[in-house]
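Single-letter residue listing:
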Amino acid sequence: MGILDILLGRTKPVAPDLDQLFALPSAAVTLQAAAGFTPTGSGAVCFATVEGSAFEQTHREVQALLDADADRTGPPVELRRDDYGYSWLVSRRDTGQLPQLVNDLHAVNSSMEINGFGPQLLCSLAAFRDDSGRALALVYLYKRGSFYPFAPLPGGAERRDNALELQVKAVLANDLRIEQDLSRWFPVWGAPGL
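Residues numbered from 1 in each chain as written. Predicted model: local features only at pLDDT ≥ 70, side-chain atom pairs only at ≥ 80, totals over all residues. Heavy atoms only, no water.

Draft legend 1. Fine view of helix α5 (residues 162-171). The complete set of buried residues in α5 reads L164, E165 and V168. End-on, the buried residues of α5 take up no more than an arc of 100 degrees, which puts them together on one face. For α5, the exposed residues set more than 90 degrees away from the buried face come down to A163 and A170. Those residues of α5 that are buried lie in contact with α2 (24-35), β5 (135-141) and β6 (146-150). (Buried < 20%, exposed > 50% of the residue type's maximum accessible area, 1.4 Å probe, protein only. Helix = DSSP H or I, 4+ residues; strand = E, 2+ residues; numbered from the N terminus. Arc of directions from axis to C-beta. Contact = heavy atoms within 4.5 Å.)

See the structure below:
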C-alpha cells in the first residue's frame, strides 16, 4: 500500500484464508457447550452464477471429487440455484462428520480458486440446530476471511434472531475470526441446507 492509498483512505482488501474453515469443528464444540447448537451435517458454498464450459468443467470435477469419497453416505453433492440467482454447491454428511463437511467446503473453494473462479466465490456455510429446532448457520465470507452467525427466525417471514446472533458472536470470539462489521452480516435467505 502506497502513500497515495493512505492519503485517499483506500484500504487493502483482506486476502481470503480458506484454512480458517478448519476452525469450525473446534468452534462447534464451544457452540454446543455454550448455546446447545449441534451440526446438522449440511453445508454449502455460494458463488455468483457463471456460464461457460470452463466453469462447467470445474463444477463436474469438484462434484466427482466429492462424490468419490468412500465415507459419504446419503445424497451426492448437488448444485442448486436460489431465488436470488446465486448458485450453491451443497454437501450433506452425517451429523457427526463436521470435519469431513469442512473438507468438502474447503475443496470446493480451493478448486474454484485454482481454476480462476475465486472472484465469484461469495460465502460458505455450515448449518446447526438446537434442541428446540432453531436454525443457525456459521457463514464464512470468502472476500473478508471472516465468519458471522446467521439465525433466521422460524415461520416463513424473512426475519432474524439478532439476539442469538450476537450471543453466538460472543461465544465464538476466541474460536473463529468473527466479522466485526455487522453491516457485512448478510442474510442468506433460502440457503440450501439451512
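Let's pick the thread back up.
Draft legend 2. Here's a closer look at the pairing of strand β1 (residues 38-48). Counting buried positions over the 11 residues of β1 gives 8, a clear majority of the element. Strand direction decides the pairing type here: β1 and strand β4 (residues 121-129), joined by 7 bridges, are antiparallel. Along β4, the bridge assignment pairs P39 with F128. Both β1 and strand β3 (residues 86-92) contribute to a ladder of 7 bridges, which runs antiparallel. By the bridge assignment, C46 is partnered in β3 with W88. (Pairing = 2+ DSSP bridges.)

Draft legend 3. View of the sheet that holds β4. On the basis of which strands lie adjacent, the open sheet formed by 6 strands has the order β2-β3-β1-β4-β5-β6 and antiparallel pairing. Both edges of this open sheet fall to β2 (78-81) and β6, since each of them pairs with a single strand only. Shown here is a sheet whose adjacent strand axes are inclined to one another by a mean of 25 degrees, direction ignored. (Axes fitted to C-alpha atoms, helices over the stretch in contact; angles between N-to-C directions.)

Draft legend 4. Summary view of the environment of L136. Note on placement: L136 falls in strand β5. Given the relative accessible area of 0%, L136 is considered buried. Linking L136 and F150, residues 14 residues apart in sequence, is a C-alpha distance of 5.7 Å. With residues near it in sequence (within four places) discarded, L136 still touches L31, F37, A126, A127, F128, P149, F150, A151, V168 and L194.

Draft legend 5. Representation of the packing of helix α3 (residues 53-67) against helix α4 (residues 98-114) within the structure. It is at 10 Å that the axes of α3 and α4 come closest, and there the two elements cross at 155 degrees. One way to sum up the angle between α3 and α4 is to call them roughly antiparallel. In the packing of α3 onto α4, the handedness of the crossing is right-handed. Each of F55, T58, V62, L65 and L66 in α3 lies in contact with α4, whose residues at this interface are D104, A107, V108, S111 and M112. Of the residues contributing to the contact of α3 with α4, the split by class is 7 nonpolar, 2 polar and 1 charged. (Parallel < 35°, antiparallel > 145°, perpendicular 65-115°, else oblique. Left-handed = near helix turned anticlockwise from the far one by under 90°. Nonpolar A, V, L, I, M, F, W, Y, C, P; charged D, E, K, R; others polar.)

Draft legend 6. Geometry of the side chain of R93. As for its position among the elements, R93 is in the loop between β3 and α4. A distance of 3.0 Å separates a polar atom in the side chain of R93 from a polar atom in the side chain of D104. With sequence-adjacent residues up to four places away left out, R93 is seen in contact with T40, G41, D69, D71, R72, Q100, L101 and D104. (Polar contact = N/O pair within 3.5 Å; in protein donor to acceptor, adjacent residues only side chain to side chain.)

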